[in-house]
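Working through the structure, step by step
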Amino acid sequence: MTTFEPRMNTVIDPSIEPLKDALLTDGYLIIEDLAVDLARQARAELLPDIEQAPFGHDEFLGAKTKRLGAIFQRSTAAQALAMHPTVLALAKLILLEYATNYQLNFSGVMHLEHGAKAQVLHRDGDIYPLSHLGITTLMPTMWALTDFNADNGGTRVVPGSHRWQDDRQATSSEMITASMRQGSVLIYLGGTLHGGGANITQAPRTGLALQYSLGWLRQEENQYLANPPHVAKSFPEPLRRLIGYHYGGSYLGFVNGDDPHRIFEPDYKGPAQRSTGEIDAAKARLPRLSVSKLSSKGKPF
Ligand SMILES: O=C(O)CCC(=O)C(=O)O
C-alpha cells in the first residue's frame, strides 16, 4: 500500500516543542553535542574529497572556502545526520504548517581555511521570490564537523532577524557567533540573517549544511542529478524519500501517476498504484495559502 506519511521515520517527541518555540522566537538554536560520533565519522569520510575540492570563485563562496555537494554518496555518517530524529521532528513541526510534506533541499560541506573572510550576511530563503515575513520555506542546519568559534569562522547569526524588514542592516552588536563543539548543530530559519565568519586560526573549520524545505518547492540542490536512481538505490528508503523520491505534496512529483519511490522496486512496471484517499486526506489537512499570506510584509520587529 502506498503510504502518505510526511516522513516515515519521524516521531514527534513532546520535548521538541520547546525547541520549536525557541527556533520561532529567536530564528535559530544550537543543540550541543547532538551527534558527536557521527560528526567525527562524517569529517573523516569527507576529508579526502574536501582536500581535492577547489576554493570558491567569488566573494560569496569565499576565496579560502572549499565546498562540496552531493554529500550522501560520499558519507554514510552524513546520511545519518540528515535523518537525525531530533532535526526531522523539528522540521516536521516547522514546515508542515505550510505543506503536506517536507524534503531535503541542500547538502553541502563548507570548509573554511586560514584566511577565509567573513561572508556577507544573507537569508537562505531568498532563493525563492517570497518575503521571509510570510511563510517559512526553509529550515537550514549546520552541523559542526569541527569545533566552531569566533576565531575559526563559526557561523555568525543575527537573532530575531527573521522578523526584520528587508532594509534593516545588522550591527555587529546584534550578531552572535554560533560557537559550538564538534557534533553540535545550529538550526535556523530561511529568514534568519547569517553568514560564515572569518577564520584567523591555522586550522580549518568544517561545517555540513543540510537544509530542509517545503515539499512543494524546487530544491536548491538538484537531488535527482546529485543522487540519480543508480546512486540513490544504495541509500536507506527514508533517505531516498527525504531527498525527493517521494510525493512533494498531493500528486506532486509522481512517476507514471504513482509514488516515485516505486522505481526502486526491482519488478516495478506500473501502472499507477496511487492511493487517492490518502493523498486527498493529506491535501485536506493543509490550509490553502493565499498570495497575500505568501508575500505578507508582516509586522516590523
Ligand atoms: O559557512 C558558514 O558558516 C555559512 C555559509 C553560508 O551561509 C552559505 O554559504 O550560504
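Residues numbered from 1 in each chain as written. Predicted model: local features only at pLDDT ≥ 70, side-chain atom pairs only at ≥ 80, totals over all residues. Heavy atoms only, no water.

The computed volume of the largest pocket comes to approximately 570 Å³. Taken together, 33 residues make up the lining of the largest pocket; nearest its centre are F60, L61, R67, Q119 and H122. Contributing elements (two or more residues each) for the lining of the largest pocket: β2 (65-68), β3 (102-112), β8 (194-195) and β9 (205-214). Across the lining of the largest pocket, the residue classes tally to 13 nonpolar, 11 polar and 9 charged. (1 Å grid on protein atoms, 1.4 Å probe; cavity = no way out; pocket = protein on both sides within 12 Å on 5 of 7 lines; lining within 4 Å. Points joined across faces, edges and corners; volume = space filled by probe spheres on them. Helix = DSSP H or I, 4+ residues; strand = E, 2+ residues; numbered from the N terminus. Nonpolar A, V, L, I, M, F, W, Y, C, P; charged D, E, K, R; others polar.)

Glancing now at the side chain of N227. Inspection of the secondary structure assignment puts N227 in the loop between α5 (223-226) and α6 (229-232). Those residues in contact with N227, other than ones at most four positions away along the chain, are F72, Q73, A232, F235, I243 and Y245. (Contact = heavy atoms within 4.5 Å.)

Pairing between sheet strands relies on hydrogen bonds along the backbone, with the strands arranged either parallel or antiparallel. As summarised here, the arrangement of the 6 strands in space is β1-β7-β4-β9-β3-β2, forming an open sheet in which the pairing is antiparallel. Two strands bound the open sheet, and with one partner strand each, they are β1 (28-31) and β2. Adjacent strand axes in the sheet meet at a mean angle of 20° when their direction is disregarded. Inspection of the sheet shows β1 paired to strand β7 (residues 185-188) by 4 bridges, in the antiparallel sense. In the sheet register, Y28 faces β7, and the bridge partner there is Y188. Contacts between helix α1 (residues 16-26) and the sheet are confined to β1, β4 (138-144) and β7, with β1 contributing the most and set at about 140° to the helix. Relative to β4, helix α4 (residues 85-95) is tilted by about 160°, and along the sheet it contacts β1, β3, β4, β7 and β9. (Pairing = 2+ DSSP bridges. Axes fitted to C-alpha atoms, helices over the stretch in contact; angles between N-to-C directions.)

So, about the site of the ligand. Residues in contact with the ligand, as listed here, are F60, R67, M110, L112, Q119, H122, D124, M142, T155, H194, G196 and R205. The side chain of H122 places a nitrogen or oxygen atom 3.0 Å from an oxygen atom of the ligand. Between H194 and the ligand, the recorded distance is 2.9 Å, taken from a side-chain N or O atom to an oxygen atom. Here the ligand, which alone exposes 290 Å², has 93% of that area covered by the protein. (Near = heavy atom within 4 Å. Polar contact = N/O pair within 3.5 Å; in protein donor to acceptor, adjacent residues only side chain to side chain. Areas by Shrake-Rupley, 256 points an atom, 1.4 Å probe, with all protein chains shown as cover.)

Now for the pattern of salt bridges. By the definition in use, this model includes 10 salt bridges. Note that R181 and D33 form a salt bridge whose closest N and O atoms lie 2.7 Å from each other. With R181 in the loop between β6 (176-177) and β7 and D33 in the loop between β1 and α2 (36-52), the pair connects residues that are 148 residues apart, well separated along the chain. Judged by relative accessible area, R181 falls into the partly exposed class, the value being 45%. Here R168 ties to E174 by a salt bridge, and the two come within 2.8 Å at their closest N and O atoms. Judged by relative accessible area, R168 falls into the partly exposed class, the value being 32%. Since its relative accessible area comes to 24%, E174 is described here as partly exposed. (Salt bridge = Lys/Arg side-chain N within 4 Å of Asp/Glu carboxyl O. Buried < 20%, exposed > 50% of the residue type's maximum accessible area, 1.4 Å probe, protein only.)

On to the nonpolar core. Judged by nonpolar contacts, the single largest core of 53 residues is most densely connected at M139 and Y212. No other element matches α4, which puts 8 residues into this core. When near neighbours in sequence (up to four residues on either side) are disregarded, M139 contacts L23, V87, L90, A91, I94, L95, I187, Y188, L210, Q211 and Y212. Of all hydrophobic cores here, the second largest spans 12 residues; its members include A144, F148, V157 and M180. (Core = buried A, V, L, I, M, F, W, Y, C linked by side-chain atoms within 4.5 Å.)

Overall, the coordinates contain 3 aromatic pairs when judged by the stated rule. Between F72 and F235, the ring centres sit 6.5 Å apart and the planes meet at 85°, which makes this aromatic pair edge-to-face. You can see F72 sitting in the loop between β2 and α3 (76-82) and its partner F235 sitting in the loop between α6 and α7 (237-242), a full 163 residues away along the chain. Looking at F235, the relative accessible area reads 4%, which means it is buried. Summarising the aromatic geometry, the rings of Y245 and F264 are spaced 5.0 Å apart at their centres and angled 75° between planes, so their arrangement reads as edge-to-face. (Phe/Tyr/Trp six-rings, centres within 6.5 Å; stacked < 30°, edge-to-face > 60°.)

This next bit is on the sheet that holds β8. Sheet architecture is open: 3 strands sit in the order β6-β5-β8, paired in antiparallel fashion. Both outer strands of the open sheet, β6 and β8, are each paired with one neighbouring strand and no more. Relative to β8, strand β5 (residues 156-157) runs antiparallel, the two being bridged by 2 bridges. Bridged to R156 within β8 is G195.

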